[in-house]
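# Summary of structural features
Single-letter residue listing:
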Amino acid sequence: MNNTVLSFTIAVLFGIGTFLILRRDIVRVIIGLSVLSHAVNLLIVSVGVFSGKDVPILTHDEVVPTNTIFSDSLQNSVLAPLLNGTEPTQFVDPLVQALVLTAIVISLATTAVIIILAYRIHEEYGTTDIQKLKRLWG
Amino acid sequence: MDPFISVTLAVFLPFLLALAVPAVEKLIKHRIGWFASFIALISFLLVISLVPLVIHGEHFQASVEWIPSMGIEYSIYVDGLSILFGIIITGIGIIIMSYSNGYMGLKEDLPRYYQWLLLFMGSMLGMVFAANTIMLFIFWELTSITSFMLIGYWRNKPESVYGATKSLLVTAAGGLFMLAGFIVLRSITGTFDIPAILQNETLIQTVQGHKLFLAALILIFIGAASKSAQGPFYIWLPNAMEAPTPVSAFLHSATMVKAGIYLVARVHPIFSGTEAWFILVSGTGIITMLVAGFLAFRQIDIKALLAYSTISQLAYIMTMYGYTTYQEPGIGVAAATFHLLNHATFKACLFLVAGIVAHEAATRDITRLGGLRHEMPITFIIATIGALSMAGVPPLNGFLSKEMFYESSIEMGHALGSPFTFIIPALAVAGGVFTFAYSIKFIAAIFLGKRPEKGLPSHIHDPSFVMIIPAAFLAGLIILFGLVPSIAVQNLVEPTASSIMMEAQHLHVKLWHGLTGSLVMTLITFLLGIAVYTRYDSIAEWQNSFNRKYPFISINYIYDGLVNNAKGTLKRFSSFMQPGPVKGYVLALLVLMIILFAIPFLKLSTGFIQTLNFNVEPYEFLVFFFMIVAAVGAAVLPKYLPAVISLSALGYLVSLLFIYLSAPDLALTQVLVETLSTIIFLLAIVKIPQTFKEHITPSLFTRDALIAVSVASVVFILLVNATQGIIPPFESLSYYFIEKAWPLAGGHNIVNVIIVDFRGYDTLGEISVMCLAALGVYNLIHSRGESE
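### Side note on the overall build of chain B
- On a plain count of helices and strands, chain B comes out with 34 helices and two strands.
- Across its three principal directions, the C-alpha atoms of chain B cover 105 × 65 × 55 Å.
- Surface exposure of chain B reaches about 33,700 Å², of which carbon and sulfur atoms provide 70%.

This is the structure:
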């Protein structure tokens, strides 16, 4: 879709996230990870979006012709479709959206675990400094 | 009974009843061995009941679907070859399990011993009746695992552990090569079904003409050679002798080591008749036969001597299977099959004798044994029969099959022409000479000569009937097959050879067949064998001194180096890769990412300036602006709480952006997830007082900012290029989902259809991750009580 401002915004999020995960304060690292995961999700979705394309939802029962030859045949031991010819469709890419949808949910799980981990670390050692933890460890 | 049911019962009864062994042991105590023998007997009878089915070279196949989408079935194939192996496995199984009743002390962990023996027997039967390469592979690896457990039966002996590990590493790795070979074969033929290939002449032609023929052959042969201890893979077998002796007799002489032979015979119709087959199979066979026969001389442990002799005898069989390329194929195959059967009888017999000697004399060291013929007369007679059969002395069965080996070697020499007319028979005789010499040594060292003054128990006698009868029975078979070969030949060898050759075979094996070339070779073998035997000790001494002088000319040396060094190398590797601080890993990853992305994009980036697009609607611009503000806020706000609120503002802005990016599902999910994670964040954060504040020095700031800016720039360049089509667009998988969403899954929302239908397993995985995360959080909170 060729939007340079969006690309720039995503890049800035990446930069800020990177800076944060290099910190010593464990809470900052977790915030950094969240920022990074937002950035990654946006990056993946944005490359599948082209201006003038629709939301990937069919309006009625239909077979969308994509002028693609599928040969996923078990007899010929082809377990993935072979794609020849790519007629543009009217939709943005649904596959990247499906991937990111999974990623969003997983990142919730990750965030929950590490924030509780940080909380427990603070309870056990009375600090949120990673450097100090390392000294405690060995 | 229906053959399919018979086979299935024969294979799976041992598996099922092995599970019952500990319970039964509670009832009948140390008599558990007889229970195991009884199971073996049932399997034996089931296998025997199948003999009429194949006696004239017919075969039987039946299958049940297992993984139909992959063409994998639970499929059995009964022919002469599988019946021969089935009889050897179950027959020797009965003998071994009965014998174990006398051999294994009452204090041993008997349930474990018999359990693994039964599991082994079941796996082995499953392997020989498998019609499907995948099924064959599974049972094949099961035999490796059960063998590992049995070799390592005495867990606290380091030698046992070493031997068990070695055998597992070599044979299981060989099995993986075999699997790769099966997959190559499948890519050529399009089927995992072995009989389907065997019965299709044109398919075999296709395989032999295919460019992957050699790859398939070599991979499968590596599997066979590793299991049958051929070529460089022989090293595991001598160390496997740390197993209890009945196990050695069963697994490492009569059955498991013949699995490789079985595989070679099974794929014989597919690969044989080619030059590569001859060079690979016979070449490996001849070299192994000579080297292993020669190396047997320096062994002072009687079981190690037998192990080397097993390697050498198996090599005979391999060699004969390889011969078929250049001669009337029936001869080699029949001879090989006959020798296979004979070897199972005389070698198992000798191992049982070795077990008796070790049990009674408490040593297996030939330098400490001798002169036991008076004290153990019955054992002496049995041992002599076994050893003479191995040496190829008439009228025992070993003589017959060795004659056949010589005969086919002569023919082989003729077929290849000068100078092989002489060389091949000469090599065969050399193998026979070594065999003769160490067979005599086996008898002489234990029973002949003088009894050593010290080191042996004062009272040595023949063992109980439990141990002597199995050995005597095998000795009886040796004589029977020698005097009346037609019993074995007509009922077992002919059907087997027919099934290997895929056509009916008729053999005439007689004890006396005139003064032929092979008989002359046998006589030469005896004369030279006696000559070599007189120099036996000096040859052994020379081998020892050679080994001391050049310890590195040895495959064991390489193995030990590889395995022991592997531990050290991996230790260094992991301590280098995991130094401790997380920051180190992050830095390494980021730098790697920058390099990997930057290199290709630096080449492409020329000209992207012209295609930049700053046409942004004002409201979009506002969204972008606030996103950056929120992210900066999350980074710089000094207190946790405002930072977290800023972060959640960023999350909601992202969901707003998703709407703009034509992704309504994502927007919805993002709103929900953001709400939840903000709640979790806030719940936790209010409990963490902000005591620590990192002091960021200018140099640290410069370094981290530099990394952050590099990452951002790389991402920026990547995105600008990616969204402009400068990178050649590759074919997108998405078209498939767009077109099939309605006809295949009946859904309108394509993203949802992908998640719940096409990629349903991913979603299942995702749900598992959520569950694990929930469990993890619960346990983290729960563990608080324990630490105090």
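From this point, the narrative continues.
### A short note on a negative patch on the surface
- A contiguous patch of negative charge on the surface is contributed by Glu-328, Glu-407, Glu-411 and Glu-503 of chain B.
- Turning to its location among the elements, Glu-503 of chain B is positioned in the loop between α22 (485-501) and α23 (517-534).

### A look at the interface of chain A and chain B
- With 96 residues of chain A in contact, the opposing surface of chain B contributes 103 residues.
- When chain A packs against chain B, close to 9,200 Å² is buried across both sides, 75% of that on carbon and sulfur atoms.
- Inspection of the chain A/chain B interface yields one salt bridge.
- The partner of Asp-704 of chain B in a salt bridge is Arg-23 of chain A, and the shortest N-O contact between them spans 2.6 Å.
- The tally of links from chain A across to chain B stands at nine residue pairs in polar contact (both at pLDDT 80 or more).
- Going through the elements one at a time, α1 (4-21), α2 (26-47), α3 (94-125) and α4 (130-137) of chain A are the ones with two or more residues in the side of chain A that touches chain B.
- Broken down by element, the side of chain A that touches chain B gets its largest block of residues, 24 residues, from α3 of chain A.
- A breakdown of the residues in the side of chain A that touches chain B according to their chemical character gives 55 nonpolar, 26 polar and 15 charged.

### Things to note about the nonpolar core
- Counting residues in hydrophobic clusters, the biggest one holds 200 residues, and the most contacted among them are Phe-129, Leu-136 and Phe-271 of chain B.
- The dominant element in this core, judged by the number of residues it contributes, is helix α17 (residues 329-361) of chain B, at 19 residues.
- Aside from chain neighbours lying at most four places away, what touches Phe-129 of chain B is Val-7, Val-11, Val-47, Leu-50, Ser-75, Ile-76, Tyr-77, Val-78, Ser-82 and Ile-83 of chain B.
- Ile-30, Val-64 and Val-92 of chain A together with Phe-716 of chain B belong to the second-largest nonpolar core, a separate cluster that totals 88 residues.

### Structural notes on the pattern of salt bridges
- Inspection of every chain in the model, using the stated rule, returns 13 salt bridges over all chains.
- Arg-548 of chain B is the partner of Glu-541 of chain B in a salt bridge, and the nearest nitrogen-oxygen pair spans 3.5 Å.
- Connected via shared salt-bridge partners are Arg-23 of chain A together with Arg-703 and Asp-704 of chain B.

### Some words on α23 of chain B
All names here are of chain B.
- The end-to-end C-alpha distance of α23, which contains 18 residues, comes to 26 Å, matching closely the 26 Å that a straight helix rising 1.5 Å per residue would cover.
- All of the buried residues along α23 are Ser-518, Leu-519, Met-521, Thr-522, Thr-525, Phe-526, Gly-529 and Val-532. All buried residues of α23 project into a common sector of 150 degrees when viewed along the axis, lining one side. Facing away from the buried side of α23, by more than 90 degrees, are the exposed residues Leu-527 and Thr-534.

### A closer look at the side chain of Gln-97 of chain A
- For Gln-97 of chain A, the position within the fold is in helix α3.
- On the basis of relative accessibility, which here comes to 1%, the residue Gln-97 of chain A falls in the buried class.

### Some remarks on a nonpolar patch on the surface
Residue and element names in this part refer to chain B.
- There is a patch of nonpolar side chains on the surface, built from Trp-542, Phe-546, Tyr-550, Phe-552, Ile-553, Tyr-557, Ile-558 and Leu-562 and spanning about 860 Å² of accessible area.
- Element by element, the count of residues in the nonpolar patch is highest for helix α25 (residues 555-577), at three residues.
- When you line up the elements, Ile-558 lands in helix α25.

### Points about the environment of Phe-14 of chain A
- Mapped onto the secondary structure, Phe-14 of chain A falls in helix α1.
- Between the C-alpha atoms of Phe-14 of chain A and Thr-128 of chain A, which are 114 residues apart in sequence, the distance is 24 Å.
- Every residue in contact with Phe-14 of chain A, bar those within four places of it in the chain, is listed here: Leu-36, Ala-39, Val-40 and Leu-43 of chain A together with Val-711 and Val-715 of chain B.

### Considering empty space enclosed by the protein
- A complete count under the given rule lists three cavities of 30 Å³ or more for this structure.
- Here the largest cavity defines a volume of roughly 170 Å³.
- Taken together, 17 residues line the largest cavity, and the ones lying closest to its centre are Ser-34, His-38 and Thr-111 of chain A together with Glu-674 and Ser-677 of chain B.
- Those elements that place two or more of their residues in the lining of the largest cavity are α2 and α3 of chain A together with α28 (640-660) and α29 (664-685) of chain B.
- When residues of the lining of the largest cavity are assigned to their parent elements, the largest contribution, six residues, is made by α29 of chain B.
- Looking at side-chain class alone, the lining of the largest cavity contains six nonpolar, 10 polar and one charged residues.

### Notes on the environment of Val-629 of chain B
- Here Val-629 of chain B shows up in helix α27 (residues 618-636).
- Residues Val-629 of chain B and Glu-275 of chain B, spaced 354 residues apart in sequence, show a C-alpha to C-alpha distance of 75 Å.

### Notes on the packing of helix α4 (residues 80-103) of chain B against helix α21 (residues 465-483) of chain B
Residues and elements named next belong to chain B.
- At a closest axis distance of 7 Å, the pairing of α4 and α21 adopts a crossing angle of 155 degrees. Between α4 and α21, the angle is such that the two are roughly antiparallel. Seen from above, α4 lies across α21 with left-handed handedness. Residues Ile-92, Ile-95, Ser-98, Tyr-99, Asn-101, Gly-102 and Tyr-103 of α4 form the contact with α21, whose own contacting residues are Val-466, Met-467, Pro-470, Phe-473 and Leu-474.
- Of the residues contributing to the contact of α4 with α21, the split by class is nine nonpolar, three polar and no charged.

### Re the confidence of the model for chain B
All names here are of chain B.
- Confidence in the prediction of chain B, expressed as mean pLDDT, is 87, and 96% of residues score 70 or more.
- The least confident element of chain B, judged by mean pLDDT, is helix α34 (residues 784-787) at 60; the most confident is helix α10 (residues 213-227) at 94.
- Interface confidence for the predicted complex, given as ipTM, is 0.88, next to a pTM of 0.71.

### What to know about the pairing of strand β1 (residues 60-67) of chain B
Residue and element names in this part refer to chain B.
- Relative to strand β2 (residues 72-78), β1 runs antiparallel, the two being bridged by seven bridges. Following the sheet pairing, Ser-63 is matched in β2 by Ser-75.
- Count of turn residues in the β1/β2 antiparallel hairpin: four residues, of which Gly-71 carries a positive phi of about 70 degrees.

The rules behind the values
Residues numbered from 1 in each chain as written. Chains lettered and ligands numbered in written order. Predicted model: local features only at pLDDT ≥ 70, side-chain atom pairs only at ≥ 80, totals over all residues. Heavy atoms only, no water. Helix = DSSP H or I, 4+ residues; strand = E, 2+ residues; numbered from the N terminus. Areas by Shrake-Rupley, 256 points an atom, 1.4 Å probe, with all protein chains shown as cover. Patch = residues over 30% accessible without salt bridge, like charges linked within 9 Å, V, L, I, M, F, W, Y side chains within 5 Å. Salt bridge = Lys/Arg side-chain N within 4 Å of Asp/Glu carboxyl O. Lys, Arg positive; Asp, Glu negative; His and termini not counted. Charge placed at Lys NZ, Arg CZ, Asp CG, Glu CD. Contact = heavy atoms within 4.5 Å. Buried area = accessible area lost by both parts, 1.4 Å probe. Polar contact = N/O pair within 3.5 Å; in protein donor to acceptor, adjacent residues only side chain to side chain. Nonpolar A, V, L, I, M, F, W, Y, C, P; charged D, E, K, R; others polar. Core = buried A, V, L, I, M, F, W, Y, C linked by side-chain atoms within 4.5 Å. Buried < 20%, exposed > 50% of the residue type's maximum accessible area, 1.4 Å probe, protein only. Expected span 1.5 Å × (residues − 1). Arc of directions from axis to C-beta. 1 Å grid on protein atoms, 1.4 Å probe; cavity = no way out; pocket = protein on both sides within 12 Å on 5 of 7 lines; lining within 4 Å. Points joined across faces, edges and corners; volume = space filled by probe spheres on them. Axes fitted to C-alpha atoms, helices over the stretch in contact; angles between N-to-C directions. Parallel < 35°, antiparallel > 145°, perpendicular 65-115°, else oblique. Left-handed = near helix turned anticlockwise from the far one by under 90°. pLDDT = per-residue confidence, 0-100. Pairing = 2+ DSSP bridges.

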